Amino acid sequence: MAASDPNQSSDPPSGGQIACLSASALQERLEEEINRAGRHGTPLSCLLVTIGNLDELSREHGSELPERTLAYVGSALWRQLRRFDRIGRPSDNELLVVLPGADGPRGEIVARRVLERLRTIKVEADGMRRPLRISVGLAAWRENLSGEDLLAH
């Protein structure tokens, strides 16, 4: 796979790839941030980034292409975030971004910037370039919401 990405800039510290939190580590981190937000009265938002055509890429090109695509998208996403925001992988075709200190309006700004950026990425396979079908959902935490509740929103 090759990616056509006109906006590529500096690489993450790990040499171009980020370490996404596993589903269990992501859940743990989300609960920690919820507890912190509750104790300190600070906002918390999450972005759910979905690549709609990842299953199609897998069927057509095998499982390696979607894995590399997710890693590349994660790296591009990382460049749009603050150093203390966290990216995790709750499922095979999704990335979740935990945004401590970001209320709904600030989360929306990040969501729009991320969506605009990720929609510039194209995947090249078998000599063809095609865009990824990216969607981004935003949820802002409020008191009495668990991590599961937040993800459901």
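Just above sits the structure.
If you're wondering where the values come from, they're calculated on a predicted model, not measured in any experiment.

Asker: Pulling in residues and values, what's your account of the overall build of the chain?
Answerer: Within the chain, the regular secondary structure consists of 5 helices and 7 strands. Residues classed as buried in the chain amount to 40% of the 153 residues present. Total accessible area computed for the chain in this model is approximately 8300 Å², and 47% of it derives from carbon and sulfur atoms.

Asker: Residues and numbers for the environment of Val-136, please.
Answerer: Mapping Val-136 onto the fold places it in strand 7 (residues 134–140). On the basis of relative accessibility, which here comes to 22%, the residue Val-136 falls in the partly exposed class. Distance in space between the C-alpha atoms of Val-136 and Leu-96 is 9.5 Å, their sequence separation being 40 residues. Contacts of Val-136, omitting those with residues within four sequence positions, involve Leu-47, Leu-48, Val-49, Ala-111, Val-114 and Leu-115.

Asker: Could you give an account of the side chain of Thr-69, with specific residues and numbers?
Answerer: Tracing the sequence through the fold places Thr-69 in helix 3 (residues 64–78). Only 2.8 Å separates the side chain of Thr-69 from the backbone oxygen of Leu-65, close enough to count as a polar contact.

The rules behind these values
- Residues numbered from 1 in each chain as written.
- Predicted model: local features only at pLDDT ≥ 70, side-chain atom pairs only at ≥ 80, totals over all residues.
- Heavy atoms only, no water.
- Helix = DSSP H or I, 4+ residues; strand = E, 2+ residues; numbered from the N terminus.
- Buried < 20%, exposed > 50% of the residue type's maximum accessible area, 1.4 Å probe, protein only.
- Areas by Shrake-Rupley, 256 points an atom, 1.4 Å probe, with all protein chains shown as cover.
- Contact = heavy atoms within 4.5 Å.
- Polar contact = N/O pair within 3.5 Å; in protein donor to acceptor, adjacent residues only side chain to side chain.

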